[in-house]
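Now for the letters of each chain:
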Amino acid sequence: DRWFRCRIESMAIAKMDSLVCVSEAVRQFAVTGLGTDPNKTLVIPNSVDVSRFANGPSFDTETLGWPTDCEVILFIGRMHPQKGLDLIQKQIDRIAPAGGNRKLILVGEGQLAGSIDQWCQTVGADRVQRLPWQSDVGSLIRRSKLLLLPSRYEGMPNVVMEAMAAARPIVCSRVEGISELLGTDAAQTFEIGDDQTMASLIEDLMADQQQAGQLGEANQMKVRREFSVATMIDAYRSHYRELLVRRDDSR
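Residues numbered from 1 in each chain as written. Predicted model: local features only at pLDDT ≥ 70, side-chain atom pairs only at ≥ 80, totals over all residues. Heavy atoms only, no water.

Quick look at the packing of helix 10 (residues 195–207) against helix 11 (residues 209–226)
Relative orientation and spacing of two packed helices are given, respectively, by the angle between their axes and the distance between those axes.
Link 1 in the chain: In the contact formed by helix 10 and helix 11, the axes pass within 5 Å of each other and the chain directions differ by 100°. Regarding the angle of helix 10 to helix 11, the classification is roughly perpendicular. Residues Asp204, Leu205, Met206 and Ala207 of helix 10 form the contact with helix 11, whose own contacting residues are Gln209, Gln211, Ala212 and Leu215.
Link 2 in the chain: Here the residues of the contact of helix 10 with helix 11 are counted per class, giving 5 nonpolar, 2 polar and 1 charged. (Axes fitted to C-alpha atoms, helices over the stretch in contact; angles between N-to-C directions. Helix = DSSP H or I, 4+ residues; strand = E, 2+ residues; numbered from the N terminus. Parallel < 35°, antiparallel > 145°, perpendicular 65-115°, else oblique. Contact = heavy atoms within 4.5 Å. Nonpolar A, V, L, I, M, F, W, Y, C, P; charged D, E, K, R; others polar.)

Structural notes on unusual backbone geometry
Trans is the common state for peptide bonds, and a negative phi is the common state for residues other than glycine.
Link 1 in the chain: One non-glycine residue, Ala167, lies in the positive phi region at around 65°.
Link 2 in the chain: Looking at where Ala167 falls in the secondary structure, it is placed in the loop between helix 8 (158–165) and strand 7 (170–173).

Focus: the packing of helix 8 against helix 11
Link 1 in the chain: The geometry of helix 8 relative to helix 11 is characterised by a closest axis approach of 7 Å and an angle of 110° between their N-to-C directions. Between helix 8 and helix 11, the crossing angle belongs to the class labelled roughly perpendicular. From helix 8, Met161, Met164 and Ala165 reach across to helix 11, where they touch Gly216, Asn219, Gln220, Lys222 and Val223.
Link 2 in the chain: Of the residues contributing to the contact of helix 8 with helix 11, the split by class is 4 nonpolar, 3 polar and 1 charged.

No statement about biological role is implied by the geometric values presented.
And the structure:
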């Protein structure tokens, strides 16, 4: 499946004048994995509107039958093996212990949705529930204590940027693009597939709200500084002008 997709992408890229990548890791993969001309590639990261995610009402957990003071851990993404949902399933007893106040919300659709729903029923709706795809996840992010994303591969996950904008800490695998968002922060990132460390990071952050708050504030400052909408727009404008000059010079 991934090999076929990469083959199609290589054929399409060969016909392009330029390729914009959302992270340096993605650019490197395009060059080494897809055979892209490095002189035709550049990085323009996605952006996030901080005010949209930092401000506004929070999701009401009573609609799920949960107490108002419960501590929510949030996953947002496709119900697909790429997203590492199996790691969450392995560690559910540490993520949302039975009889405890920690709860897990999974948001998304996809090929695993049916099996995830069955698993949620087995674990218990008092601990974990799946919600369908949401057009606006801001209220859910604001209600959560942290965002969990144990993916096996990504580009530069928008949902991580959105949680950072809301000043939330992240527990995320070190997939492509994450180093440019979170660096190699040992308090927020873990090696791909390492469910034990993932669970330990969650436990540490849930136990130390001061550290969680400090990480969240630092995350928000980073996206304000480096991933604003205005910065992204300026980068695209500059690139489009450069492409026009190239076209005129080639005539």
